[in-house]
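Here is what each chain is made of, one letter per residue.
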Amino acid sequence: MTVSPKKTRAASKYRVVGTSPVKVDGPALVTGRAVFVDDVEPDGLLHAAVLRSPHAHARIKKIDASAAEALPGVKAVLTHKDVPRNIFTTAGQNYPEPSPYDSFVIDRKARFVGDVVAAVAAETEKIARQAVGLIKVEYEVLPPVLDPRLAQKKGAPVIHDEKEARVVLPIDYRPKQNLAGHVDVVIGDLNKAWRTADSVIEGEYSTPYASHCAIEPHITLSLLDPAGRLVIYASTQVPFHARRIVANALNLPVSRVRVIKLRTGGGFGGKQEVLIEQLCAALTLKTGRPVQLFFTREEVFTSSRTRHPQIINLKTGVKKNGNVTGIDLRILMNTGAYGAHALTVVSNSGSKILPLYRCDNIKFWADSVYTNLPVGGAYRGYGATQSSFAVGVQMDEQAHAIGMDPLKFHQRNHIREGETSPIFAALGEGTEGVEQSIGSSGLAECIKRGAKEIGWKSKRGRRGSGPVKRGVGMVILMQGSSIPYIDMAGATIKLNEDGSFNLMVGATDIGTGSDTILAQIAAEVLGVKTGDFIVYSSDTDLTPFDVGAYASSTTYLTGMAVLTAAEKVKGQILEVASEMLNKPVSSLELAGKKVSPRGKGAGKSVTLAEIANYSLYVKNQKQIIASASRTSEKSPPPFAAHFAEVEVDTRTGRIKVVKYVAAVDCGQPINTQQAEGQTEGAVVNGIGMSLFEEFRFSSTGKLLNSNFGFYKIPSARDLPELKTILVVTDEPTGPFGAKSVSEISINGPMPAISNAVFDAVGIRLRHAPFTPEKVLRALREKRG
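Residues numbered from 1 in each chain as written. Predicted model: local features only at pLDDT ≥ 70, side-chain atom pairs only at ≥ 80, totals over all residues. Heavy atoms only, no water.

(A) Spatial organisation of the overall build of the chain. Broken down by element type, the chain carries 19 helices and 27 strands. At 27 Å, the chain has a C-alpha radius of gyration in line with the 28 Å of a compact globule built from 784 residues. Seen through its C-alpha atoms, the chain measures out along the principal axes to roughly 85 × 75 × 50 Å. Within the chain, the fraction of its 784 residues that count as buried is 62%. Of the contacts made within the chain by residues no fewer than 6 positions apart, 81% connect residues no fewer than 24 positions apart. Taken as a whole, the chain presents about 28500 Å² of accessible surface, with 51% of it coming from carbon and sulfur. Distance from the positive charge centre (94 side chains) to the negative charge centre (77 side chains) of the chain: 4 Å. (Helix = DSSP H or I, 4+ residues; strand = E, 2+ residues; numbered from the N terminus. Rg over C-alpha atoms; globule rule 2.2 N^0.38 Å. Buried < 20%, exposed > 50% of the residue type's maximum accessible area, 1.4 Å probe, protein only. Contact = heavy atoms within 4.5 Å. Areas by Shrake-Rupley, 256 points an atom, 1.4 Å probe, with all protein chains shown as cover. Lys, Arg positive; Asp, Glu negative; His and termini not counted. Charge placed at Lys NZ, Arg CZ, Asp CG, Glu CD.)

Below is the structure:
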């Protein structure tokens, strides 16, 4: 369902934008012809396997790989002695990276159960895994840190005691205290906020580990081309960052490394990490042969990246009229054994929630600490998911405390178009003299439409009789679109003889449909159809630079690069047509794959094919082609209002989500069907984290549920009735008014469901996931 509020650009203004054409990669995907990394099988391919640490914290005293090397079919064994000792970060972020340099290709110390100890390349996967079992390791087992609350206590084991550990930006990094990142921002006067408030509430909230669960595990294939260059086929979100990180890790010039992203079976942030490319490449360099390395599903759980667990302490003050007087947000984040995204995720926990509510007095303090547990990383929502839960629940609690309908409370307090927040500048948005302010917002309409769809007035407070109670809850949300002054995207468009176009982008379609959306943007400018574009994305040799698929940047930022390149190509087309028709450019228009004089019966037209052939073969020959690069000065937030209706069985503690409504302002949706799909996928992802998903560990730090038999995600039978409402607004800085859509809706289910449970049975669930055991415990405590 798409809703256009008044004073916004209507989708009908466009030919291609706002429609849902067939995905450019759709036919290949549904017929099985799309090429994934696992489909590439060059001659002489070797298969790799990794020996992983059984200990959460251990130093490798001695390692003997002789038996593995002697096994027939084994072509290489790598230990820490066989690879360069260059320190780097695995986080695929813009350079210089804000994450600490604390990783090696293979280190002489293991920092979590599942850390890399050695790697093998062999003729078959079976031989490689057999060889791994023959490697003998003598460990010095060290005391681990398995609780983030204990990470900075006096006498706590130091996880990163290597002398090389460092940061390349001037940020607070104290590895000897297990501190990987720190934020401390104070705005206004908190003491005044508490004095003037009529209701002050404090509470602790927590969110657990979560796995991305992409259908395609991490996989890489590396080989040497005829010129001796290293070519890496990777299932990655960040091919250009991967090239830089691999080159640094292996002492190679960037010119010797080429990264190609093939079709990718999902990422959700987990493939914004460079985890296996450098290890696979090192085996190719050692053997001179192609090598494939992939994660088993168990390795995806234990040894890839996860959502960072957070312990959140929140204090808010509110006046009787609903005004928010103060917000004090304190977060302890567990980054695990390495500091990938340790600072930026927790910074996002503030920057993507605190501006949402009008408030003059704010404190945001956060520590991101090392532990000897699995490593956190980028995950859809990127820190906003955790803090949206805490703030969304406590604001609902405040509304009840002052006797105000939560709907009215949120309508009163949310930031509006044209307004700003001091948090934007304090946490790095709105720099270089450009203040970050809200250029577009349909949040008020989202609240209104979402409330109507869920039946807020008729259902709220009506629990029903019997042991199964019903309730409704809501939350408001914001996210961002790209990273101002940091992220950059490029695009190149070329006209072919038949009037078709090549569109070359460094942006990575990881199943998100960005290849289609970018083709739609170009098609809108050039007066053609999406199918007139041959889209080639993400090859570091052939496509322009792009930071990759993260920070909700592709539609907004790469879309602007595509739009700019398309405008340049359009200008060239009109110039050639002007010469062919002997008419001034200003009198011509491009539409329907041809250039015509303006006005009815104004004269002869020329087709794009005729223009292309004229430019290439007839006169003043040139290739009609243009490239463009774009950065952003702002990160325009998408907004959303989410509503959940739940049933709670007071006998079993089971929560069932009956209906879920997501009303989203993502500017002008470029592709309505894909925007709805992104929203519904994010909601389902969030429902899983709300009700089922968590890691269970042994007392020694071993993950106990590293498979889908014991790590539960929603199936089709678990899903509620889902309703998506796209509220169309016009973002002045985005392509055709577009903002991002892919991340924001994962942030809604935890607070919306928690608030709905309160409406149903009167208990506050502050620690996710909301398992039946927790519900029953809370009900018993309520009864005393």
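(B) Representation of the sheet that holds strand β16 (residues 362-370). Spatially, β8-β16-β15-β14-β9 is the arrangement adopted by the 5 strands of the open sheet, whose pairing is mixed. The open sheet has two edge strands with one neighbour each: β8 (179-187) and β9 (199-207). Pairs of neighbouring strands in the sheet enclose a mean axial angle of 5 degrees, with direction left out of account. Against the sheet, helix α9 (residues 384-401) engages β9, β14 (310-318) and β15 (324-336), with an angle of about 150 degrees to β9. (Pairing = 2+ DSSP bridges. Axes fitted to C-alpha atoms, helices over the stretch in contact; angles between N-to-C directions.)

(C) Quick look at the domain arrangement of the chain. Domain parsing of the chain yields domain 1 (438-481 + 636-784) and domain 2 (485-631). Between the C-alpha centres of domain 1 and domain 2 the distance comes to 39 Å. Residue-level contacts link 16 residues of domain 1 with 15 residues of domain 2. Summed over both partners, the interface of domain 1 with domain 2 buries about 1300 Å², with 62% contributed by carbon and sulfur atoms. Of all residues in domain 1, Ile-670, Pro-735 and Phe-736 bury the most surface against domain 2, accounting for 40% of the area lost on that side. Counting across the domain 1 and domain 2 interface gives 0 salt bridges. At the junction of domain 1 and domain 2, the tally comes to 5 residue pairs in polar contact (both at pLDDT 80 or more). In terms of residue class, the side of domain 1 that touches domain 2 is made up of 5 nonpolar, 9 polar and 2 charged. (Domains from an automatic or database assignment. Buried area = accessible area lost by both parts, 1.4 Å probe. Salt bridge = Lys/Arg side-chain N within 4 Å of Asp/Glu carboxyl O. Polar contact = N/O pair within 3.5 Å; in protein donor to acceptor, adjacent residues only side chain to side chain. Nonpolar A, V, L, I, M, F, W, Y, C, P; charged D, E, K, R; others polar.)

(D) Inspection of the sheet that holds strand β22 (residues 594-597) at higher detail. Reading across the sheet, the 3 strands line up as β21-β22-β23 and stay open at both edges, with antiparallel pairing between neighbours. Edge positions in the sheet fall to β21 (588-591) and β23 (606-607), since each of these pairs with one other strand and no more. In this structure, β22 lies alongside β23, joined through 2 bridges in antiparallel fashion. The residue bridging Val-595 from the neighbouring strand is Val-606, located in β23. Contacts from helix α15 (residues 554-581) reach β21, β22 and β23 within the one sheet, and its direction differs from that of β21 by about 125 degrees.

(E) Quick look at the side chain of Arg-229. Relative to the helices and strands, Arg-229 resides in the loop between β10 (219-224) and β11 (230-234). Of note is the side chain of Arg-229, whose polar atom sits 2.9 Å from the backbone oxygen of Ser-255. A distance of 2.8 Å separates polar atoms of two side chains, one belonging to Arg-229 and the other to Asp-541. If near-sequence neighbours (up to four positions away) are discounted, Arg-229 is found in contact with Leu-223, Leu-224, Ser-255, Arg-256, Val-257, Arg-258 and Asp-541.

(F) Spotlight on the environment of Ser-742. Mapping Ser-742 onto the fold places it in the loop between β27 (721-727) and α18 (749-761). Looking at Ser-742, the relative accessible area reads 22%, which means it is partly exposed. Spatially, the C-alpha atom of Ser-742 lies 28 Å from that of Leu-373, the residues being 369 residues apart in sequence. For Ser-742, the residues in contact, after removing those within four places along its chain, are Arg-380, Ser-552, Gln-678 and Ala-682.

(G) Inspection of the packing of aromatic side chains at higher detail. Inspection of every chain in the model, using the stated rule, returns 15 aromatic pairs. With 6.3 Å between their ring centres and 85 degrees between their planes, Phe-112 and Tyr-338 make a pair best called edge-to-face. Of the two residues, Phe-112 sits in the loop between β5 (109-110) and β6 (116-122) while Tyr-338 sits in the loop between β15 and α8 (342-351), which places them 226 residues apart along the sequence. By relative accessible area, Phe-112 is classed as buried at 4%. Between Tyr-209 and Phe-695, the ring centres sit 5.3 Å apart and the planes meet at 10 degrees, which makes this aromatic pair stacked. Here Tyr-209, found in the loop between β9 and β10, pairs with Phe-695, found in the loop between α17 (672-691) and β27; they are 486 residues apart in sequence, far enough to count as distant. Of note, Arg-307 hangs over the ring of Tyr-379, and the distance from its end group to the ring centre comes to 4.0 Å. (Phe/Tyr/Trp six-rings, centres within 6.5 Å; stacked < 30°, edge-to-face > 60°. Lys NZ or Arg CZ within 6 Å of the ring centre and 35° of its normal.)

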